[in-house]
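Here are the chains, one letter per residue:
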Amino acid sequence: MKKNESSLKSTIAVSLTNYLDAGAIVAGASGLTLWKDYLGLSEGHLGWLNAISANCLGAAIGAIIGGFLADRYGRKAIYTYNMLIYMLGVALIMCSVNFPMLLMGFLITGISVGVGVPASWTYISESSEVGNRGRNIGISQMAWGIGPTIILILGTLLAPPTGGIGTEGVLFGWVQGVASLFNGNISGAALHVFSSRIVFASLFIVAFIAWLLQRRLDESKEWKNMKATTQEGKKQDGTFSSFGSLFTNKTNIRTILFLAGMYLTWNLVSSVMGFFQQHIYETAGGLSNEYANLLSVGQWLIIIATTFVFSMIVDKVNQRWLYFIGVSFAVLAWLLIITIGINSITGLLIFTLLWGLQGGISVQSFYALWASELFPAKYRAAAQGIMFFIVRGLSAAWGLGFVYIYGEHGEGFTVAAYVMIALLLTSLIIGTIGAPQTRGKSLEEITKERYGEE
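Given the structure is predicted, the values throughout are model-derived calculations rather than measurements.

### Let's talk about the overall build of the protein chain
Right, on to step 1. Helix and strand counts for the protein chain come out as 20 helices and 0 strands.
Right, on to step 2. On C-alpha atoms alone, the protein chain measures out to a radius of gyration of 21 Å, which is about the 22 Å that the 2.2 N^0.38 rule sets for 454 residues.
Right, on to step 3. The contacts of the protein chain with a sequence gap of at least 6 include a subset with a gap of at least 24, amounting to 82%.
Right, on to step 4. If you sum the accessible surface of the protein chain, you get close to 17,400 Å²; carbon and sulfur atoms cover 67% of it.
Right, on to step 5. One finds the centroid of the 28 positive side-chain charges in the protein chain at a distance of 9 Å from the centroid of its 24 negative side-chain charges.

Structure (structure tokens):
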């Protein structure tokens, strides 16, 4: 029982990384139109913000660095310093007065998110009991849902007026008060964007709390055992020495292709929804910024509830069928939004419900679980870093292409939606066919089954 409680406590502390990952993406998304108006940005500028953010390339760069460093220097080393980088990036966004500043803030924040992700999923898996590994991963994914929910609620309360007096959030008066402290004559788009600045300030506070908690974590026992074993009688390997092993072992190559394939095709859709959802609701759907945020809040509440159910059953049921059900909700959501129409409130409500259900039984949850199980401890984090780099890097390129398919006012939404369906069907097929049989086995047992006694 004591070990069980300990793993749960460490899971909660590490899960703040997921809160800040999703929080950074959604904070950018909820204020995207505000920054666009304030800085006079085009859709192309928005594509670049998405491409280098925590949603895509920034996280990709950070992941490949953080994965190798976590295997070389330990999981705890990441938690000791990484949140300081995150706070730097968020502070830069809060103070941005031009596009280069905003772009650099998104990039630094994204890199920090990427550095933390492989270490967090690896640490949770290594510190969990056999029967609770899926549960703990599920709890960490709940933080990935709680972050956007809180950020979107805050964005809704602070939202500036979009259609005259009475359309602003109930706390917008407070935004005006804070903004007046910096510039008493502030108005228009410069005033409105202060809503987004305050939202990012909340992430800065949470990142500081996460840094205080995570730097006190104990090092992973499995990593320490692995390090002690590999160092007996030989010189310590270089930081990137595991890179060659990852790409010369056939088992590793097959695993990387499977995990990256199922995760990439899903993430290309999810990354667009994470960063552009409110913007799509406002342009193609015709909603105000306040109502776009409010609808997304409802979706994230569904995701949190469904993720809780996932965490309670994932260690007890057939994971292949659970995966199939989750991704099927995603495919159905896009099929129905094409049929009913994005500009229909009924269509938006049904889409929100189905996308929320798939978000709780998401590909990311299974990826986080399986990626932390299927590789040996000596390059468990590095392997995840490489795959995360591939996935988020290609998501960056797709984000740049998406804005041109979608158009300035959502005229290309239907074409983009059909692309989404094709990607989700691919993820459904790859994940369902390749789902590993790891439930109820220790990490050591899984490694021996896949790699022998080596």
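Having seen the model, we can carry on.
### What to know about helix H6 (residues 99-126)
Right, on to step 1. With 28 residues, H6 extends 41 Å between its outermost C-alpha atoms, agreeing within 8% with the 40 Å of an ideal straight helix rising 1.5 Å per residue.
Right, on to step 2. Largest kink in H6: about 25°, centred on Val 117, with the proline Pro 118 one to four residues after it.
Right, on to step 3. With a side-chain oxygen lying 2.9 Å from the backbone nitrogen of Met 101, the N-terminal cap of H6 falls on Asn 98.

### Concerning the packing of aromatic side chains
Right, on to step 1. In total, this model carries 18 aromatic pairs according to the counting rule given.
Right, on to step 2. An angle of 35° between the planes, with centres 6.1 Å apart, marks the rings of Phe 208 and Trp 211 as tilted. You can see Phe 208 and its partner Trp 211 sitting in helix H10 (residues 194-214), 3 residues apart, about one turn around the helix.
Right, on to step 3. With a relative accessible area of 17%, Trp 211 lands in the buried category.
Right, on to step 4. Aromatic ring contacts, followed pair by pair, group Phe 258, Phe 310, Tyr 323, Phe 366 and Trp 370 into a single cluster.
Right, on to step 5. One residue, Arg 197, lies across the ring of Phe 194, its end atom 5.3 Å from the ring centre.
Right, on to step 6. Arg 215 extends its terminal NZ or CZ atom over the ring of Trp 211, reaching a point 4.5 Å from the ring centre.

### Thoughts on the packing of helix H4 (residues 57-73) against helix H5 (residues 75-94)
Right, on to step 1. Packing of H4 against H5 brings their axes to within 6 Å, and their N-to-C directions diverge by 120°. As the angle between them shows, H4 and H5 are arranged oblique. Here Gly 66, Leu 69, Ala 70, Asp 71 and Tyr 73 of H4 lie close against H5, whose contacting residues are Arg 75, Ala 77 and Ile 78.
Right, on to step 2. Along the lines of polarity and charge, the residues of the contact of H4 with H5 split into 5 nonpolar, 1 polar and 2 charged.

### Observations concerning a nonpolar patch on the surface
Right, on to step 1. Residues Ile 153, Leu 157, Val 170, Leu 171 and Trp 174 make up a contiguous nonpolar surface patch of about 470 Å² in total accessible area.
Right, on to step 2. Its place among the elements puts Val 170 in the loop between helix H7 (133-158) and helix H8 (172-182).
Right, on to step 3. Looking at Val 170, the relative accessible area reads 69%, which means it is exposed.

### Here we look at the side chain of Arg 197
Right, on to step 1. As for its placement among the helices and strands, Arg 197 is situated in helix H10.
Right, on to step 2. For the buried residue Arg 197, which engages in no salt bridge, the nearest side chain bearing the opposite charge is Asp 37, 13 Å off.
Right, on to step 3. One polar contact links the side chain of Arg 197 to the main-chain carbonyl oxygen of Ser 96, over a distance of 2.8 Å.

### Side note on the nonpolar core
Right, on to step 1. Residues Leu 259, Trp 334 and Trp 370 are the most contacted members of the largest nonpolar core, which totals 133 residues.
Right, on to step 2. In contact with Trp 334, other than residues within four places in its own chain, are Val 269, Met 273, Phe 351, Trp 355, Phe 413, Ala 417, Met 420, Ile 421 and Leu 424.

### Observations concerning the packing of H6 against H7
Right, on to step 1. The N-to-C vectors of H6 and H7 enclose an angle of 145°; their axes lie 9 Å apart at closest approach. As H6 packs across H7, the resulting crossing turns out to be right-handed. Residues Trp 121, Ile 124 and Ser 125 of H6 pack against Arg 133, Asn 136, Ile 137, Ser 140 and Gln 141 of H7.
Right, on to step 2. Across the contact of H6 with H7, the residue classes break down as 3 nonpolar, 4 polar and 1 charged.

### Here we look at the pattern of salt bridges
Right, on to step 1. Evaluation of the coordinates by the stated rule reveals 5 salt bridges.
Right, on to step 2. The shortest N-O distance in the salt bridge between Asp 71 and Arg 75 comes to 2.7 Å. Note on accessibility: Asp 71 and Arg 75 belong to one class, buried.
Right, on to step 3. Across the salt bridge formed by Glu 126 and Arg 75, the nearest N and O atoms sit 2.7 Å from each other. Linking Glu 126 in helix H6 with Arg 75 in helix H5, this pair joins segments that are 51 residues apart in sequence.
Right, on to step 4. In this structure Arg 75 comes out as buried when scored by relative accessible area, which is 0%.
Right, on to step 5. Taken together, the salt bridges that share partners define one network made up of Asp 71, Arg 75, Glu 126 and Arg 380.

### A closer look at the environment of Leu 92
Right, on to step 1. Here Leu 92 shows up in helix H5.
Right, on to step 2. Residue Leu 92 is classed as partly exposed on the basis of its relative accessible area, which comes to 24%.
Right, on to step 3. Linking Leu 92 and Ile 302, residues 210 residues apart in sequence, is a C-alpha distance of 32 Å.

### Remarks on the confidence of the model for the protein chain
Right, on to step 1. When pLDDT is averaged along the protein chain, the result is 84; 92% of the residues meet or exceed 70.
Right, on to step 2. Within the protein chain, the lowest mean pLDDT, 63, falls on helix H12 (residues 242-246), and the highest, 93, falls on helix H15 (residues 319-340).

Rules used throughout
Residues numbered from 1 in each chain as written. Predicted model: local features only at pLDDT ≥ 70, side-chain atom pairs only at ≥ 80, totals over all residues. Heavy atoms only, no water. Helix = DSSP H or I, 4+ residues; strand = E, 2+ residues; numbered from the N terminus. Rg over C-alpha atoms; globule rule 2.2 N^0.38 Å. Contact = heavy atoms within 4.5 Å. Areas by Shrake-Rupley, 256 points an atom, 1.4 Å probe, with all protein chains shown as cover. Lys, Arg positive; Asp, Glu negative; His and termini not counted. Charge placed at Lys NZ, Arg CZ, Asp CG, Glu CD. Expected span 1.5 Å × (residues − 1). Bend = angle between axes of the 7 residues up to and from the residue. Polar contact = N/O pair within 3.5 Å; in protein donor to acceptor, adjacent residues only side chain to side chain. Phe/Tyr/Trp six-rings, centres within 6.5 Å; stacked < 30°, edge-to-face > 60°. Buried < 20%, exposed > 50% of the residue type's maximum accessible area, 1.4 Å probe, protein only. Lys NZ or Arg CZ within 6 Å of the ring centre and 35° of its normal. Axes fitted to C-alpha atoms, helices over the stretch in contact; angles between N-to-C directions. Parallel < 35°, antiparallel > 145°, perpendicular 65-115°, else oblique. Nonpolar A, V, L, I, M, F, W, Y, C, P; charged D, E, K, R; others polar. Patch = residues over 30% accessible without salt bridge, like charges linked within 9 Å, V, L, I, M, F, W, Y side chains within 5 Å. Salt bridge = Lys/Arg side-chain N within 4 Å of Asp/Glu carboxyl O. Core = buried A, V, L, I, M, F, W, Y, C linked by side-chain atoms within 4.5 Å. Left-handed = near helix turned anticlockwise from the far one by under 90°. pLDDT = per-residue confidence, 0-100.

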